[in-house]
Amino acid sequence: MTRHILLDSYPLSLLSIPARSTVNVPIIKWSTDCLAAGHEIYVPEIIDYELRRELLRAGKTNSIRKLDSLKASLNFLALDSATMLLAADLWAQVRNSGLSTGDPKKLDIDVILAAQALVLGIPTGDLVIATSNVNHLARFVPAAEWSNIKP
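As a starting point, this report considers the structure included with it.

On to the overall build of the protein, then. Per the secondary structure count, the protein includes seven helices and five strands. Listed by position from the N terminus, the elements making up the protein come as β-α-α-β-α-α-β-α-α-β-α-β. Relative to the compact-globule value of 15 Å for 151 residues, the protein shows a C-alpha radius of gyration of 15 Å, a close match. Within the span of the protein, comprising 151 residues, buried residues form 41% of the whole. In the protein, once contacts between residues fewer than 6 apart in sequence are set aside, the share between residues at least 24 apart is 69%. Per element, the accessible surface of the protein, about 7,700 Å² overall, is 55% carbon and sulfur.

Here's what the structure looks like:
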């Protein structure tokens, strides 16, 4: 079974560290094992934006180059109108149910990420978001800590 794994900002930030260290070696091994097992790993555009803006602000040019190489070597998942329309609908549903996904005046990256996953049209048993924010995302799509996703 091929799993489709979308990276949230924390796992993608670990993979964007240019030098190997005790911090990122485990996720590098995990991602390599996932790819070797035939799984698909995605870099969602909304997460690229979330991470890249901080890397730019901090002047981390080597990490930006690493992020660019990840976009080229993994599956880059671009934003489109269908995704944004679904994200708006999901956001409204959650707000109307009395739950929060973030400040109502801010762009809600978690909802857009969930919409990017859903728009792929992959059965939920074959789809998961690798994240450190399981609670918010699991309202919409399967989500798990990257280290709990078996290659």
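From this point, the discussion proceeds with the structure in view.
A separate point is the sheet that holds strand 5 (residues 143-144). Spatially, 3-2-1-4-5 is the arrangement adopted by the five strands of the open sheet, whose pairing is parallel. Edge strands, defined here as strands with exactly one partner in the open sheet, are strand 3 (75-77) and strand 5. With four bridges connecting them, strand 1 (residues 4-7) and strand 4 (residues 127-130) associate as parallel partners. Residue pairing across strands places L7 opposite A130, the latter belonging to strand 4.

So, on to the side chain of R3. Mapped onto the secondary structure, R3 falls in the segment before strand 1. Despite its burial, R3 pairs with no opposite charge, the nearest such side chain being D126 at 6.2 Å. The contacts of R3, once residues within four sequence positions are left out, are H39, E40, G125, D126, L127, V128 and I149.

So, on to the pairing of strand 2 (residues 40-44). Two faces belong to every sheet, and in a regular strand the side chains alternate between them. Most of strand 2 is tucked away: four of the five residues are buried. Sheet topology note: the strand 1/strand 2 ladder contains three bridges and is parallel. Note on strand 2: the bridge partner recorded for I5 is I41. Strand direction decides the pairing type here: strand 2 and strand 3, joined by three bridges, are parallel. Bridged to Y42 within strand 3 is N75.

So, about the pattern of salt bridges. Applying the stated criterion to the full structure yields four salt bridges. The salt bridge involving D33 is made with K29; its shortest N-O contact spans 2.7 Å. Linking D33 with K29, this pair stays in helix 2 (residues 25-36), spanning four residues, or about one helical turn. Judged by relative accessible area, D33 falls into the partly exposed class, the value being 29%. When its relative accessible area of 51% is taken as the criterion, K29 is described as exposed. Note that R52 and D68 form a salt bridge whose closest N and O atoms lie 2.7 Å from each other. Residue R52 is located in helix 3 (residues 45-58), and its partner D68 is located in helix 4 (residues 61-73); the two are separated by 16 residues in the primary sequence. A relative accessible area of 17% means that R52 is categorised as buried. Residue classification places D68 among the partly exposed positions, given a relative accessible area of 36%.

Basis of the calculations
- Residues numbered from 1 in each chain as written.
- Predicted model: local features only at pLDDT ≥ 70, side-chain atom pairs only at ≥ 80, totals over all residues.
- Heavy atoms only, no water.
- Helix = DSSP H or I, 4+ residues; strand = E, 2+ residues; numbered from the N terminus.
- Rg over C-alpha atoms; globule rule 2.2 N^0.38 Å.
- Buried < 20%, exposed > 50% of the residue type's maximum accessible area, 1.4 Å probe, protein only.
- Contact = heavy atoms within 4.5 Å.
- Areas by Shrake-Rupley, 256 points an atom, 1.4 Å probe, with all protein chains shown as cover.
- Pairing = 2+ DSSP bridges.
- Lys, Arg positive; Asp, Glu negative; His and termini not counted.
- Salt bridge = Lys/Arg side-chain N within 4 Å of Asp/Glu carboxyl O.

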